[in-house]
Amino acid sequence: LLARAFDFDADEVFDEKKAVFLVNETGRIPFASVAWPGLVGVVSGMNRAGLAVVVHGARGGPARTVGEPVVQELRRLLSCAGTTAEALRIIGETEPLVSHLVVVNDADGYAAKIERVPGSPPFVEELGERGVVTNHLEGPFASDPRNLRIRASTSTLARHARGSELVRDLTGPATVGDAVRLLRD
């Protein structure tokens, strides 16, 4: 079960008017994507093989003008990877345009967080049975000034702490009802 709060600290416009896209390209894995009308990439989605991906904004590393946009990266993952292991292999094949976090989870329950920073290899953290991901980097770029600014000026740490507390209190496998309750808290 993968759940995500599709909210942003910066602007209310992203919290409204989402659309579900169904994509079925010849020779690729069909997938569904939740985004905004007109967006041709993916920010949240799941493919027919059961691989789910979501992106979380993050800041760290150098600014770049060349690289793969994250929405195209996730579209490529959904159309080509059937498992988290395949997604982890594929995601390192291109250079990211901007820093970000990707959560991948497959039908077997293998979940991982991938921190992407231009000019650096992906940093992967397995999430185990239960994990919480917000918008700050915890790997090699944890002390980057841009990441420290996100930690200091947004709700990322408070959301991470509260999510971790709620996940710790779960007993047994999480249900859809649990996920909805946790996301609303």
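Predicted model, so just to flag it, every value in this text is computed and none were measured.

Asker: What exactly am I supposed to notice about the overall build of the protein here?
Answerer: Counting secondary structure elements, the protein contains five helices and seven strands. Across the protein, helices and strands are ordered from the amino to the carboxyl terminus as β-β-β-β-α-α-β-β-β-α-α-α. In terms of C-alpha radius of gyration, the protein reaches 16 Å, essentially the compact-globule figure of 16 Å for 185 residues. For the protein, the spread of C-alpha atoms along the principal axes amounts to about 45 × 40 × 30 Å. For the protein, restricting intrachain contacts to residue pairs at least 6 apart in sequence, the fraction spanning at least 24 positions comes to 52%. Carbon and sulfur atoms form 56% of the exposed surface of the protein, whose accessible area is close to 9,900 Å².

Asker: Could you clarify how one ought to interpret empty space enclosed by the protein in this entry?
Answerer: Empty space among the atoms becomes apparent when a probe as large as a water molecule is rolled across them. Summed over the entire model, instances satisfying the criterion amount to two cavities of 30 Å³ or more. Here the largest cavity is characterised by a volume of approximately 40 Å³. Along the walls of the largest cavity sit Glu115, Val117, Ser120, Pro121, Pro122, Phe123, Pro140 and Phe141, which together make up its complete lining. Class assignment for the residues of the lining of the largest cavity results in six nonpolar, one polar and one charged. Here the second largest cavity is characterised by a volume of approximately 30 Å³. Grouping the constituent residues of the lining of the second largest cavity by class yields three nonpolar, four polar and two charged.

Asker: How do you make sense of the sheet that holds strand β1 (residues 19-23) when you look at a structure like this?
Answerer: Two orientations exist for strands paired in a sheet by backbone hydrogen bonds: parallel and antiparallel. Spatial ordering of the open sheet is given by β1-β2-β3-β4-β5-β6-β7, a layout of seven strands whose pairing is antiparallel. Each end of this open sheet is capped by a strand with a single partner; those strands are β1 and β7 (123-126). Averaged over all adjacent pairs, the angle separating strand axes in this sheet is 20°, with direction ignored. Both strand β3 (residues 44-47) and strand β4 (residues 52-57) contribute to a ladder of three bridges, which runs antiparallel. Within β4, the position partnered with Gly45 by the bridge is Val53. The strands touched by helix α1 (residues 70-80) within the sheet are β1, β2 (31-35), β3, β4, β5 (100-105) and β6 (111-116), with β4 carrying the most contacts at an inclination of about 165°.

Asker: For this particular structure, what's the right way to read helix α4 (residues 156-168)?
Answerer: An α-helix turns once every 3.6 residues. As a result, residues three or four positions apart point the same way. Given a rise of 1.5 Å per residue, 13 residues ought to cover 18 Å, and the 18 Å separating the end C-alpha atoms of α4 matches this to within 8%. Considered for burial, the residues of α4 that qualify are Thr156, His160, Gly163, Ser164, Leu166 and Val167. Around the axis of α4, the buried residues are gathered within 165° of arc, so they sit on the same side. The outward face of α4, more than 90 degrees from its buried face, is lined by the exposed residues Ala158 and Arg168. Packed against the buried residues of α4 are α3 (145-153) and α5 (176-184).

Rules of the game
- Residues numbered from 1 in each chain as written.
- Predicted model: local features only at pLDDT ≥ 70, side-chain atom pairs only at ≥ 80, totals over all residues.
- Heavy atoms only, no water.
- Helix = DSSP H or I, 4+ residues; strand = E, 2+ residues; numbered from the N terminus.
- Rg over C-alpha atoms; globule rule 2.2 N^0.38 Å.
- Contact = heavy atoms within 4.5 Å.
- Areas by Shrake-Rupley, 256 points an atom, 1.4 Å probe, with all protein chains shown as cover.
- 1 Å grid on protein atoms, 1.4 Å probe; cavity = no way out; pocket = protein on both sides within 12 Å on 5 of 7 lines; lining within 4 Å.
- Points joined across faces, edges and corners; volume = space filled by probe spheres on them.
- Nonpolar A, V, L, I, M, F, W, Y, C, P; charged D, E, K, R; others polar.
- Pairing = 2+ DSSP bridges.
- Axes fitted to C-alpha atoms, helices over the stretch in contact; angles between N-to-C directions.
- Expected span 1.5 Å × (residues − 1).
- Buried < 20%, exposed > 50% of the residue type's maximum accessible area, 1.4 Å probe, protein only.
- Arc of directions from axis to C-beta.

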